[in-house]
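The primary structure of each chain is shown beneath.
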Amino acid sequence: MMDESTELSVSITQIVQRLKGTHLHSQLEKQAKECMHKPEIKLETLKDDVRRLLKESGWERKLQNAVYRELHILPPPGHPRAPPEHAKEPLEYMRKAQVSWEKRILKSLNSMCSELGIPLARKRPVSEQKELTNKWNEMGTDEPDLSKFRPVYAPKDFLEVLIGLRNLNNDRSEDLTVRSNWGLIQVSLNVRDIPQMRETYPELGLTYGQLGIDDHTHVPPDLFESEHIVIGKKVVNEQDSAAAQQYSRQGCPTGLRAQLWTLILNTTDDPEVITHYEQLKARVIHHGLLVDNLIYKDVKLTASNDDYYFVFEDYLYQVLLCFSRDTAVLEHFNYNSATPPKSCVQSKSGSEQCAVVYPPNGVIPFHGFSMYVAPLCFLYNEPSKLYSVFREMYIRYFFRLHSISSHPSGIVSLCLQFERLLQTHLPQLFYHLREIGAQPLRIAFKWIVRAFSGYLSTDQLLLLWDRILGYGSLEIVAVLAAAVFAFRAENLMEVTSLASAEAVLADLSTLKVMPLLQIFLFATSV
Amino acid sequence: MRWLVSDMSKNKQTAGHKGAYISQRKKEGEVRNCIRYRCGLTNTIQDVLIQRPGWVEVKEEGDWDFNWCDVGWLRENFDHSYMEEHVRICHFRNHYELTRKNLMVKNLKRYRKNVEREAGRLEAAKCDFFPRTFELPSEYHIFVEEFKRSPGSTWIMKPVARSQGKGIFLFRKLKDIIDWRKDGTRSEEQRDEAQVESYVAQRYIENPYLIAGRKFDLRVYVLVTSYIPLKAWLYRDGFARFSNTRFSLNSIDDQYVHLTNVAVQKTAPDYDPEKGCKWQMQQLRCYLTAKHGFETVQTLFKEIDNIFIRSLLSVQKTIINDKHCFELYGYDILLDQDLKPWLIEVNASPSLTASSQEDYELKYRLLEDTLHIVDMEGRLTGKEKRVGGFDLMWNDGPVYTDVGLEAMGCSCLVANTHLGCVNDRQKQLQQLLKPFPGQKRA
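Please read all numbers here as calculations on a predicted model, not as lab measurements.

About the thresholds
Residues numbered from 1 in each chain as written. Chains lettered and ligands numbered in written order. Predicted model: local features only at pLDDT ≥ 70, side-chain atom pairs only at ≥ 80, totals over all residues. Heavy atoms only, no water. Helix = DSSP H or I, 4+ residues; strand = E, 2+ residues; numbered from the N terminus. Buried < 20%, exposed > 50% of the residue type's maximum accessible area, 1.4 Å probe, protein only. Contact = heavy atoms within 4.5 Å. Areas by Shrake-Rupley, 256 points an atom, 1.4 Å probe, with all protein chains shown as cover. Expected span 1.5 Å × (residues − 1). Arc of directions from axis to C-beta. Pairing = 2+ DSSP bridges. Buried area = accessible area lost by both parts, 1.4 Å probe. Salt bridge = Lys/Arg side-chain N within 4 Å of Asp/Glu carboxyl O. Polar contact = N/O pair within 3.5 Å; in protein donor to acceptor, adjacent residues only side chain to side chain.

Asks: Please explain the overall build of chain B as it appears in this structure.
Replies: Along chain B, the regular secondary structure elements total 14 helices and 16 strands. Taking all 442 residues of chain B together, 53% fall into the buried category. Considering only residue pairs separated by 6 or more positions, chain B has 68% of its internal contacts joining residues 24 or more positions apart. Total accessible area on chain B stands at roughly 21,400 Å², and carbon and sulfur atoms take up 51% of it.

See below:
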């Protein structure tokens, strides 16, 4: 067992290792060298003086932000002798389930490929490259024939897999008792209940001001809103990533949100970021991938049909096509329970087949994937910026929504938490829905998998995602799902079929997210 | 998409004969029992009227208290109708002073000159919200002068009286319009029509504000209940209409790119009715605020208010004021890349046909609140600054909200308009209005 100080030094070593050789590192070195020319530097106090100057010029803050970002994606400390797969996912049954799921998806992708006779990847002829370059900003005007493509999987397929999860160490009887799980998820994970969450989310409590509640029309702005905006501006000026994250817990003002999120995610405007994006774009132009068609289809089916997001269709292609080719994304598989899929591709010489990661970023898109990007188009319209923000959000949070793991923000935990909250606090409703064959998770799953994107109105969705970023966790998504059921409980008690339950919950566009969360977390009797 | 069809209310009196009951408006404060209406349109307004408690449709030659007519009916019948004091009709006699493009421009130009004379250049500059416009054929020569002064610029030709984007085209060379006038491919009648019909040539805004590469314009609703004194209300809801294709100046022949009317977009080859090309005003305001910050957008919306007020002031003395008349205008506003708003046109009969469920609900609310303000039932005091989704924008002078910004250290006056803001009309109406006679408070 490692003690705390050893853990800390291991973490420090890891972070230093990761930051070495980055653009920030070279910039810091350059800045430090330039400091040497300054008259106020004295040889005796060289180290302290340079440090002081770096602090004053804001460079220390940048380093702090970078370290803070690394902490977000640092895998949890494990035993030095544990194999690396344990770092990705400690529970064996989860690992096995994920592996078998991956095999299924990959098989589906490969069979689509052979059925349609389309190569997984091909080099585009020069004329096609030219055409694509010209049309880069309006790919949405293309109407390719996508009828033969099917999404590799849809959320409901994934749900069936999760329902089938079993922990063989646990002997469960099939009887329905008060202590068993009434829901679909039949594994036990440690999920939090309301009293515990009240301690984790105090800023959502009744005594704290919130954007989404206290900026309402009839609340005088000087009670909370004006002050909050002033603080927000300060945070942006200070360029402090940790402060931005803390601030975001009470919501980001619309006019400051874009800047605050880039701070929290530590996505910068460095030239290397733009260059990286341009390189990805070049890869898209040179090679076409089979998954490109899946992306087109997904965008056309989901975002293009959305009342709010249809406008951003072109941006979605520009982001998702590049995303598929970004091998930097592979890094997140260090802490993702999933493993990047490998496919056999003809090698250059054409004689052998070799297994390569496909798609290059290791992420096979599914139906609805583009909805992770769509709300971000509201905040960012510069492609490289939009891209960096999306990628960071994906590798920090969204990937957990479609891989099987025991992580508290993983989809399994979220589903279980949703069901447990319902069972504990709305037992009558849960029981009724069960009896009529309308398991709540069947309705709520699609909301959870997409973190409510496309189901809430945009301004409400952004308020929710403020809190995801603020607390660094997706738990709030499960809580909101339960809160929605609580809100519509009266109507749901009257329905007599799954279809009518779906109808009651079909339209969430009028919901106000923060009051629902606040009431559920802080006004439910426990 | 299907939307609800209105129920016929069950307990309706059927009236149809003249003088069967007292129809005079009762003294101030008393409530009318039954309001007879005529409706010349078969869209959302019909549903709103049918569902209003105590309102009864009269057909044919019956007396009416309220008439939602189309401008054609108005033209033919207004001058011959005697209207008792309480009667209301939804158009002003000569609304075209504001809504016909050539007359609007003439009135605006004259107004601007007056402002410059009385208040100076700076004040007059606030009237520069419409692009350089010339009436053809009467102003052809000054138009040519202006045209030659800005070579390479794009102009748009619009027929004065048509709507829904008909007859509009873009041009860059004088040759194009000369050819058009002499166009041998057009039929005799078309050419004759063109001779008789007036057109305006207007400087085309070549740098519109684009969202995701698409051009859009704004449809905003303004209700005028009186011109002298001027009393105007601004509706919080509205929408942005997107062009279905990406904006580019290369294809000025492609009217689908440039014209954002839903009517035109509907005929475009890639139009998908399920897709919808509108954003609610709240959506747009949110987007712009996220992009440009709160203060910039505040300023923009103030400038948009300015357009409404000044355009109405410019025709204040020309429009025949009549206490029977009110009018719901649909303003079309375009933003350019510098976030300057431009007035494109004013519609006296904005489309009330719904293109989707959401659109239906917006128009339903809009019309319901319009009828609340017209107040045939006598429920308002006349001192209200807000009724449902309408905010009183101008009442013989600017109108300010009741809440000042004392917290900011100064008691600045804040304009009482909330375009694109939250429209919590249900709540406001519940607090404001007494229920209809015979109706329980909801």
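Text resumes after the structure shown.
Asks: Help me understand helix H1 (residues 4-19) of chain A, please; the structure alone is not making it clear to me.
Replies: Residues three or four positions apart in an α-helix share a direction because the helix packs 3.6 residues into each turn. Residue and element names in this part refer to chain A. Here H1 contains 16 residues, and its C-alpha end-to-end distance of 22 Å stays within 8% of the 22 Å for a straight helix at 1.5 Å per residue. All buried positions along H1 are accounted for by Ser-11, Ile-15 and Leu-19. In a view along the axis of H1, the buried residues occupy a sector of 65 degrees, so they form one face of it. In this fold, the buried residues of H1 make contact with helix H2 (23-36) and helix H4 (59-73).

Asks: What exactly am I supposed to notice about the pairing of strand S8 (residues 199-203) of chain B here?
Replies: A regular strand places its side chains on the two faces of the sheet in alternate fashion. Residues and elements named next belong to chain B. In terms of residue burial, S8 counts as a mostly covered element, since 4 of its 5 residues are buried. Note that strand S5 (residues 133-136) and S8 share 4 bridges and pair antiparallel. Across the sheet, the residue bridging to Phe-134 is Ala-201, located in S8.

Asks: How should I be thinking about the interface of chain A and chain B in this particular structure?
Replies: Many descriptions give the size of an interface as the accessible area lost when the pieces come together. The partner chain B presents 25 residues to the 27 residues of chain A that form the contact. For the pair chain A and chain B, the summed buried area comes to about 2,400 Å², and 57% of that belongs to carbon and sulfur atoms. Contact with chain B buries area across many residues of chain A, yet Phe310(A), Val311(A) and Phe378(A) alone supply 26% of it, more than any other trio. Scanning the region where chain A abuts chain B turns up 1 salt bridge. The closest approach of N and O atoms between Glu295(B) and Lys233(A), which form a salt bridge, is 3.6 Å. One can count 3 residue pairs in polar contact (both at pLDDT 80 or more) joining chain A with chain B. Listed by contribution, the elements that provide at least two residues to the side of chain A that touches chain B are helix H15 (313-324) and helix H20 (458-471) of chain A.

Asks: For this particular structure, what's the right way to read the side chain of Ser409(A)?
Replies: Residue and element names in this part refer to chain A. Turning to its location among the elements, Ser-409 is positioned in the loop between helix H16 (383-396) and helix H17 (411-425). Ser-409 gets classed as buried once you look at its relative accessible area, which sits at 5%. In this structure the side chain of Ser-409 is engaged in a polar contact, spanning 3.5 Å, whose partner is the side chain of Ser-473. If sequence neighbours within four positions are ignored, Ser-409 has contacts with Arg-400, Leu-414, Ser-473, Leu-474 and Glu-475.

These figures capture arrangement, not role.
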